[in-house]
Amino acid sequence: MRLEENHETTREWGPGVRWSCIRKLFVKHTFYLWGGIVNKLWKRGLRWSGLALMLCGVVGLMGCGGGDENSGGTTNGGSSGVKEIKILVAAPLSGDYAETGKDMAQGAELAAAYINEQGGIKSGPNKGAKVVIERVDDEMSTSAATTIASRYLDDDSYYAFLGFITSGQAQAAATVLERADLSLIAGFASADFLTSEADNIVVISPSIGNFARVAANFAVDEFGVKTVGTIAGDFSFLDSYYKGLTGVFTEKSVNYASKQTYPAGTSDFSALLTNIAAKNPDIVMCGAFQADAGRIAAQMRKMDMNMPMVDFIGDGWGETFGKTAGSSLQIGEFYEMTPADRFPEPGSLGAEMSKRYLEKYGKSINAPALHFFDGVLTIAAIAEMGSKGREDLLSYATKVTGEGLLGPIAFTADLKPKERWGTMSKVTGNGADDRELAARYVMYGETETVERVGE
Amino acid sequence: MSTRAAIVLDESPKDRWSRERLAAIWPLVLRWFVPVVIGLMFLVPFVNDSRLQLQVLTIAFLNGALVAGLALSLGYTGVLNFSQGTFYGLGAYTTALLVTDYGLQFWLATLIAVAVTGVAGWLFSLSTGRVKGDYFALVSIALTIAFAQLCANLPSVTRGREGFFGLPEMRLFGLSFDDSLATYYLCLLMFAFVYVLMARVVRTFYGRSMLTVRYNDVAARSMGISTFTTKAISLTIGSAVAGLAGAFMVGSIQFIRPEDFGFNPSFMISLYVIIGGVGSLPAVVIVALVLTYLQEQFRGLGDYRVGVLGIVVIFAVFWRAGVLRDASWRLRQRLAGRRLRRKDAPDADV
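> What's the story with the overall build of chain B in this structure? I'm lost.
Counting its regular elements, chain B contains 16 helices and 2 strands. For chain B, the spread of C-alpha atoms along the three principal axes comes to 95 × 55 × 35 Å. Counting every position in chain B, which comprises 350 residues, the buried fraction comes to 49%. Contacts in chain B between residues at least 24 apart in sequence constitute 74% of all its contacts with a sequence separation of at least 6.

Quick look at the structure:
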């Protein structure tokens, strides 16, 4: 049975919503009345009085624009009056990265549905509470991150704040939250400076330098490469990836011959690929989201660059990659990096959630969705540990244990994940599931190292 | 006969009286509206302690100061300048570097940032002295893109793509930027200072010269106005103001990254001035404040927010261009004509 039929993850009609509607109607009619008075004054020649009243109204409206009054991170919402844990989820829902943002929000909603299906929060002061997700568009902007953080501060019906695709946004939001001793669960952002510069951020993702270390180690172990070229989007988090790659290549005496970056919106990569081809690398490593990665793959093969292409960004190459790469996937080898167990055991949480995500959203679960799924699981685990409200989330973060899709839910004293899984898989076709296991890795949070496991 | 002439001829004496009264009072209202709003903004924290509203208004003040600076070059002088974001970023990065790496006090770093951006704006005006119209727009866009790329690819100075982090506590007039209320008042003070300064500048000889250059640079030259100097002054003052706003942005947000000063944010600032209109400092500032505020209020609309904002912008442009006024007049004429025809029509029952 589909999850949304049984379990509420969004607010429904109930006493809270009813009061909200009544309040809105009241405000609307007050507005009409006020407008009428201003109009009459204006018509009678009392323009300055009308103007003054209008300005008072503007200030008054701003005064009314504050957050809702509520209590301690949980609310009695829904028609049944069941306790809720409301999580504010910030993701880029508009702009160039809207697709990734929607994946993030959908991952969080899938986790909420899964938790609610199990009966909600299982223990602690919020036992029985249902998890409700509220999406908000962060526009991938730093200033928007600060206003969303302020919204969270204002409205204490929010139990937790999960968000952001870039570390800059997470850092800016954390600065605002720090003023009120509140914390942020950074879903996808994980630059190295996050945990060193702020002590109120719980980071769900492993150090992204470790993503690059997994891919670089795989390239060296699998192909014995001596010369490497990379092509990557000019993302704000790219420096952390480069740090990981450079570390491994320096240690293993690999010649990092060409490092090409492109700005957002690029569709012709031939000039950058020509530069890489001139260095004659053994492999090309690609740091691009799936649509760009597909185009790069197609253009590489068109230029007779038939060396293996290895992903190091770990965003997940899904259906879009297959479509944009087209028939180029039949030539040479392509390897994808996934910051999770790409081949979970049948019946495991990973296998079950992959299936449900595909059923519900019509696409394979990818890295952004996996991260936000684990973000919500972490918040639920913190609530189950005994956290009463959003003020004490951090004190429970280092104590939680559990199973997530990225690896075990457990954090170091620096609020980094202790362990995360990484999978390198070979692309065998254009479908999102046309993959073959190539290697499994474990990424460690405390030491920022990676280790190959299994065969 | 033009539509406008038809309107004037057809209007009743009462309507004409209203129109003339409005035309007389409007400049006065526009002139005092922003100072009154600024005065009222000092009271907002007393009636509303919402941190969201304070944060949104803080960002609105930064945008207001930015557009007030840009209004000189793009609004008054008519230079198609899309590079205000670059000078905003230059001011922000200069301040961040000075307070973090050199341990300077915020006020001193701000003064240096204003000087640096002023000089940069002056150099920019010198180097583009012979570039006009669309070509100036291209040069300014190129500068914006190049600056953002430079910041992203110079990690030893700017901390690279990931942004400038690790800023120390910053204080001004004994108030700390770590306190949201203090930050609100500091940014409001800065905005008020910039607005008053710009309002004075546009009333000076150079301010009036800017409008003359905008409308007809040949006529301006024939009157002895140096178009080059006028443009240089507008760009230099506008850049210095952007540098000041950038310094306060560092204080209020405490994190900067190259993307915040790329083409898109820079274009948005220019858009506020274009919507606000030619040679109207209060109008462009009001547009910046209102659109920044609305952007946050529409956030709950999710994906539809961009569309709603687009419609607001279209309406604003239609209103400024008189399209709505003409349309409403035509509608009234049509309705009046229909009523007249109905009145004159023979009664079917008789």
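The rest of the description comes next.
> Hey, could you run me through the interface of chain B and chain A in this one?
It is common to report an interface's size as the accessible area lost on association of the parts. In this assembly, 46 residues from chain B lie in contact with 50 residues from chain A. Together chain B and chain A conceal approximately 4,000 Å² of surface at their shared face, both sides included; 56% is due to carbon and sulfur atoms. Counting the surface chain B buries against chain A, the share from its top three residues, Arg161, Glu162 and Arg299 of chain B, is 19%. If you look at where chain B meets chain A, you find 0 salt bridges. Scanning the region where chain B abuts chain A turns up 11 residue pairs in polar contact (both at pLDDT 80 or more).

> Sorry if this is basic, but what is going on with the domain arrangement of chain B here?
Residue and element names in this part refer to chain B. Partitioning chain B into domains gives domain 1 (30-297) and domain 2 (301-342). Distance from the C-alpha centre of domain 1 to the C-alpha centre of domain 2: 32 Å. On the side of domain 2, 7 residues touch domain 1, which itself brings 7 residues to the contact. Across the domain 1 to domain 2 interface the summed buried area is about 590 Å²; carbon plus sulfur atoms make up 75%. Broken down residue by residue, the surface that domain 1 buries against domain 2 is led by Ile275, Leu291 and Gln295, which jointly contribute 67%. The tally of links from domain 1 across to domain 2 stands at 0 salt bridges. At the boundary of domain 1 and domain 2, one finds 0 residue pairs in polar contact (both at pLDDT 80 or more). When residues of the side of domain 1 that touches domain 2 are traced back to their parent elements, those giving at least two are α13 (263-276) and α14 (281-297). If one sorts the elements of the side of domain 1 that touches domain 2 by residue count, α14 sits on top with 4 residues.

Parameters at a glance
Residues numbered from 1 in each chain as written. Chains lettered and ligands numbered in written order. Predicted model: local features only at pLDDT ≥ 70, side-chain atom pairs only at ≥ 80, totals over all residues. Heavy atoms only, no water. Helix = DSSP H or I, 4+ residues; strand = E, 2+ residues; numbered from the N terminus. Buried < 20%, exposed > 50% of the residue type's maximum accessible area, 1.4 Å probe, protein only. Contact = heavy atoms within 4.5 Å. Buried area = accessible area lost by both parts, 1.4 Å probe. Salt bridge = Lys/Arg side-chain N within 4 Å of Asp/Glu carboxyl O. Polar contact = N/O pair within 3.5 Å; in protein donor to acceptor, adjacent residues only side chain to side chain. Domains from an automatic or database assignment.

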